[in-house]
Amino acid sequence: MKILVVQNKMGIGDMIIYLPFIDAISKKFNTPVSILAKQSSKAEQFLKDHKNIEKIIILEQSNKQKGAKHQGFSGFISLLKDLRKHNFDKVFIFNSSLRFYLIAKFAGIKNIHQYPLFIKKNQHIVNAAKKFINQNLNLIVESDPKILINDKSVQDVKSKFRISNDQKNIFLGIGGSGPTKRIPATTFIKLIRLTSNIYKSKFFLATGKNKEEQEILKEILNTEFKDKCVPLDDLSINETLPIIKNCDVSICNDLSFSHLSSGLGINTIVLMADTPLVYGNYSPRMYPIIPDGESTVTHNTLGKDKINPDKIFIQLKKILN
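Residues numbered from 1 in each chain as written. Predicted model: local features only at pLDDT ≥ 70, side-chain atom pairs only at ≥ 80, totals over all residues. Heavy atoms only, no water.

Okay, the environment of Asp-144 next. Tracing the backbone through its elements, the reader meets Asp-144 in the loop between helix H6 (125-137) and helix H7 (151-160). The sequence separation of Asp-144 and Tyr-101 amounts to 43 residues, and the corresponding C-alpha distance is 28 Å. Side chain to side chain, Asp-144 and Lys-146 meet in a polar contact 2.8 Å long. (Helix = DSSP H or I, 4+ residues; strand = E, 2+ residues; numbered from the N terminus. Polar contact = N/O pair within 3.5 Å; in protein donor to acceptor, adjacent residues only side chain to side chain.)

Structure, rendered in structure tokens:
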């Protein structure tokens, strides 16, 4: 039996959130599945060792990308032709789009399971998936994503970066997909100071290459803690994963690395400044910190300057002790 899963949301975090439900489909039918996902999900970089996924088919569709292969009416025809080649028997579509239903139908997939059509508004990303799997497969699936990586790569990185069990190895995801999600360098510097006063520790700093993230990185490296810090901005996601796996704890802005580290089994403190709370608490290994004075967090909370390093440190101590 050949099964396709359609997950067309854009982000790495979105892809990781759906992993338990993809795994449940694979286990139910005792076969690895193929997934249709956007390039921006970076699925190829962190799911290459995932035993329940056989093939990743890239969905080339974006309003920002003119002439994308699967965009518009010509893209509709192109995608159904691409899917027809695989002779899928079943498809599970994690969205309410009529477009994907029709593509699956015209691609000759006889058994189509999909979210109810036309109900995208206010759709809870986790609860909708749970309900979908329960109704279609009679399964109760917990929101607990797990990312698998090669053990040899973990050991190789431990040697290469001299990661010692005699110290606390802490991963810091200090980048962010937008300016409202980037916690100021001063917050991380105070956290590093508090941590270094109690623990022998080493910090692995992950950022992108854009100007704002590089400025945060430089500000941290221009402190007395420079020798305790290892910048990872020259590494790909695939190269960074085994480093995260070697860490005792992860502290991240609400960005891809918070999802990746919790998926790798690392207890992850998520600094939630400007995104719905569900993106920072869906995993049992996530510990969200919200801005001072707020009872929750969502889009436009704009709380990056109100993330309290003392609260982060209190949670850090609970995890490490």
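As a further point, take the pairing of strand E4 (residues 90-93). Sheet faces and side chains relate simply in a regular strand, where the side chains alternate between the two faces. What you see with E4 is no split at all: Lys-90 and Phe-92 on one side and Val-91 and Ile-93 on the other are buried throughout. The sheet contact formed by strand E1 (residues 3-6) and E4 spans four bridges and is parallel. Bridging across to E4, Val-5 finds its partner in Phe-92. As paired elements, E4 and strand E5 (residues 111-114) share four bridges and run parallel to each other. (Buried < 20%, exposed > 50% of the residue type's maximum accessible area, 1.4 Å probe, protein only. Pairing = 2+ DSSP bridges.)

Turning our eyes to something else, we now look at the environment of Thr-240. Looking at the element boundaries, Thr-240 is found in helix H10 (residues 237-245). Each C-alpha atom of the pair Thr-240 and Phe-46 lies 9.9 Å from the other, and the pair is 194 residues apart in sequence. Leave out the neighbours within four places in its chain, and Thr-240 touches Phe-171, Leu-232, Leu-235 and Phe-257. (Contact = heavy atoms within 4.5 Å.)

Applying the stated criterion to the full structure yields 14 salt bridges. Taking the shortest distance from any N to any O, the salt bridge between Asp-144 and Arg-285 comes out at 2.6 Å. Of the two residues, Asp-144 is situated in the loop between H6 and H7 and Arg-285 in the loop between strand E10 (268-271) and strand E11 (286-289); the sequence distance between them amounts to 141 residues. The partly exposed category is assigned to Asp-144, whose relative accessible area is 22%. (Salt bridge = Lys/Arg side-chain N within 4 Å of Asp/Glu carboxyl O.)

Attention shifts here to the sheet that holds strand E9 (residues 249-253). In spatial order, the strands read E8-E7-E6-E9-E10-E11; together these six strands make up an open sheet with parallel pairing. One side of each edge strand has no neighbouring strand; the edge strands of this open sheet are strand E8 (229-231) and E11. Between one strand axis and the next, the sheet turns through 20° on average, direction left out of account. When strand E7 (residues 201-206) meets E8, the two strands line up parallel, connected through three bridges. Bridge pairing in E8 places Leu-205 opposite Pro-231. Each of E7 and E8 touches helix H9 (residues 211-221); the most contacted strand, E8, lies at about 155° to it. Contacts from helix H11 (residues 256-263) reach strand E6 (168-173), E7, E9, E10 and E11, with the element oriented near 155° to E9. (Axes fitted to C-alpha atoms, helices over the stretch in contact; angles between N-to-C directions.)

Attention shifts here to the packing of aromatic side chains. A complete count under the given rule lists nine aromatic pairs for this structure. Taken together, the ring pairs connect Tyr-18, Phe-29, Phe-92, Phe-94, Tyr-115 and Phe-132 into an aromatic cluster. It is Lys-2 that lies over the ring of Phe-88; its NZ or CZ is 5.8 Å from the centre. (Phe/Tyr/Trp six-rings, centres within 6.5 Å; stacked < 30°, edge-to-face > 60°. Lys NZ or Arg CZ within 6 Å of the ring centre and 35° of its normal.)

Another point: a nonpolar patch on the surface. Side chains of Leu-98, Leu-117 and Phe-118 sit close together on the surface and give an oily, nonpolar patch of about 290 Å² of accessible area. With respect to the helices and strands, the residue Leu-98 is situated in helix H5 (residues 98-106). Overall, the relative accessible area of 34% leaves Leu-98 in the partly exposed class. (Patch = residues over 30% accessible without salt bridge, like charges linked within 9 Å, V, L, I, M, F, W, Y side chains within 5 Å. Areas by Shrake-Rupley, 256 points an atom, 1.4 Å probe, with all protein chains shown as cover.)

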